[in-house]
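# Structure assessment
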Amino acid sequence: MTTIKGPRIGIALGGGSSRGLMHIPFVEAMDEMGLRPSVIAGTSIGSLVGAGWAAGLSGKEIREHSIKVLGNMRSITSRLWKTQIKDMRNLFKNGISMQLDPMNIVEAFLPPDFPKDFEDLRIPLYIIATDFRSWHQVIFHSGEIIPAIAGSIAIPSLFKPVEFDGRLLVDGGVVNPLPLDSASIDTDLTIAIDVNGDPSIRTSIKEPSTIDVTLGSAQIMMHSLTAHNIAAYPPDLYIRPNVKEFGAYEFWRVREIIEEGEKEKDNFKRQLAKLIEDFIVSKQKIS
């Protein structure tokens, strides 16, 4: 008698700054369904959430940790300040830079005792960054995790580029905001979670700040690149939650962002259950 196994699922977690916290409800949804992806691919904040998932954290644990470190301005400010004065020698030598060091940021906001190497993860993980010198995508799948995440989240002008593995890394969203190419490696079904969003209502009613323009311009670029990625690697399930109401840097609204994402959980679970059912039926017909 032939045993039909469930599909190998690859999931692409896109970039979107604070809006990427909306990935968390979908992690929880798969937990609730008793499902675990075979491959996780993440860009920018998608790499950060994806790394936690790949390390073995449940969606609930990722939620609790995110609220703990981002849930109020005091907590965020304290952690950011500590990253700026972590090395007093550099502080006195170079002065306080307006750019944040993404290496320090990742170390400050990750849970303690987080795995150091990709080989220590429970789920295969692909992290996408951009090589500023060559203008090419860099895919990290082995070696040290934290420099890879730091490079992936290094939004130009807000974060310092990351020197790692002979490359100068900036945000992965510059070249690949929704890494379906990596998520589809040796998988049967691919899921895309796109949190880049749409034009914000707020930008039409007030003069945008410098940071609004910087992040908004990146958002426009990512929107175009995502369309090309979807055409080249069509996902079996494409989820695009409503992130319009949230600014790209409003991490302190973590609870609201997660609650907004929860509105899509039931629909996501229904669509995914149908996909898996169809996959199993198709395999039974073949066997």
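## A look at the nonpolar core
Inside soluble globular proteins, nonpolar side chains tend to come together where they are buried. Counting residues in each nonpolar core, the largest one holds 63 residues, and the members touching the most others are Phe140, Ile191, Ile193 and Phe268. Beyond its immediate chain neighbours, meaning those up to four positions away, Ile191 contacts Ile9, Gly10, Ile11, Ala12, Met30, Leu237, Phe268 and Leu272. Core analysis: the next-biggest nonpolar cluster, separate from the first, contains eight residues, Ala12, Val39, Ala41 and Ala183 among them.

## Focus on the pairing of strand E7 (residues 189–193)
Looking along a regular strand, one sees the side chains alternate between the two faces of the sheet. With five of five residues buried, E7 lies mostly within the body of the structure. On E7, burial covers both faces: Leu189, Ile191 and Ile193 on one face and Thr190 and Ala192 on the other are all buried. Where strand E1 (residues 9–13) lies against E7, five bridges are found, and the strand directions are parallel. Residue Leu13 lies in a different strand from E7, and its bridge partner there is Ile193. Relative to strand E8 (residues 237–239), E7 is paired through three bridges, and the arrangement is parallel. Residue Ile191 lies in a different strand from E8, and its bridge partner there is Leu237.

## Some words on the pattern of salt bridges
Scanning all chains against the criterion turns up 14 salt bridges. A salt bridge links Arg63 to Glu28, with the shortest nitrogen-to-oxygen separation between them at 2.7 Å. Placement of Arg63 in helix H3 (residues 59–70) and of Glu28 in helix H1 (residues 24–32) is noted, with a sequence separation of 35 residues between them. No difference in accessibility class separates Arg63 from Glu28, as the two residues are buried. For Arg133, the salt bridge identified is with Glu163, shortest N-O distance 2.7 Å. One end of the pair, Arg133, is in the loop between strand E3 (125–131) and strand E4 (136–140); the other, Glu163, is in strand E5 (residues 162–164), with 30 residues separating them in the sequence.

## Side note on helix H6 (residues 102–109)
Among all positions of H6, only Pro102, Asn104, Ile105, Val106 and Phe109 are buried. Its side-chain oxygen at 2.9 Å from the backbone nitrogen of Met103, Asp101 defines the N-terminal cap of H6.

## Here's the deal with unusual backbone geometry
At Ser44, a residue that is not glycine, the phi angle is positive and equals roughly 55 degrees. Summarising the element assignment, Ser44 is placed in the loop between strand E2 (39–43) and helix H2 (45–54). The residue Asp165 is not glycine, and still its phi comes out positive at about 55 degrees. In this fold, Asp165 is placed in the loop between E5 and strand E6 (167–171). When its relative accessible area of 54% is taken as the criterion, Asp165 is described as exposed.

## Overview of the packing of H1 against helix H11 (residues 265–286)
Two elements in contact, H1 and H11, have axes separated by 10 Å at closest approach and are oriented at 50 degrees. Between H1 and H11, the interaxial angle falls into the category oblique. By crossing handedness, the relation of H1 to H11 is classed as right-handed. Residues Pro25, Phe26, Glu28, Ala29, Met30 and Glu32 of H1 pack against Lys265, Phe268, Lys269 and Leu272 of H11. Each residue belonging to the contact of H1 with H11 can be placed in one class, and the counts come to six nonpolar, no polar and four charged.

## Here we look at the packing of aromatic side chains
Under the counting rule described, the total for this entry stands at three aromatic pairs. Ring centres 5.5 Å apart and planes at 40 degrees place the aromatic pair Phe140 and Phe164 in the tilted group. Of the two residues, Phe140 sits in strand E4 while Phe164 sits in strand E5, which places them 24 residues apart along the sequence. Phe164 gets classed as buried once you look at its relative accessible area, which sits at 16%. On the numbers, 6.5 Å between centres and 55 degrees between planes, the contact of Tyr249 with Trp252 is tilted.

What counts and what doesn't
- Residues numbered from 1 in each chain as written.
- Predicted model: local features only at pLDDT ≥ 70, side-chain atom pairs only at ≥ 80, totals over all residues.
- Heavy atoms only, no water.
- Core = buried A, V, L, I, M, F, W, Y, C linked by side-chain atoms within 4.5 Å.
- Buried < 20%, exposed > 50% of the residue type's maximum accessible area, 1.4 Å probe, protein only.
- Contact = heavy atoms within 4.5 Å.
- Helix = DSSP H or I, 4+ residues; strand = E, 2+ residues; numbered from the N terminus.
- Pairing = 2+ DSSP bridges.
- Salt bridge = Lys/Arg side-chain N within 4 Å of Asp/Glu carboxyl O.
- Polar contact = N/O pair within 3.5 Å; in protein donor to acceptor, adjacent residues only side chain to side chain.
- Axes fitted to C-alpha atoms, helices over the stretch in contact; angles between N-to-C directions.
- Parallel < 35°, antiparallel > 145°, perpendicular 65-115°, else oblique.
- Left-handed = near helix turned anticlockwise from the far one by under 90°.
- Nonpolar A, V, L, I, M, F, W, Y, C, P; charged D, E, K, R; others polar.
- Phe/Tyr/Trp six-rings, centres within 6.5 Å; stacked < 30°, edge-to-face > 60°.

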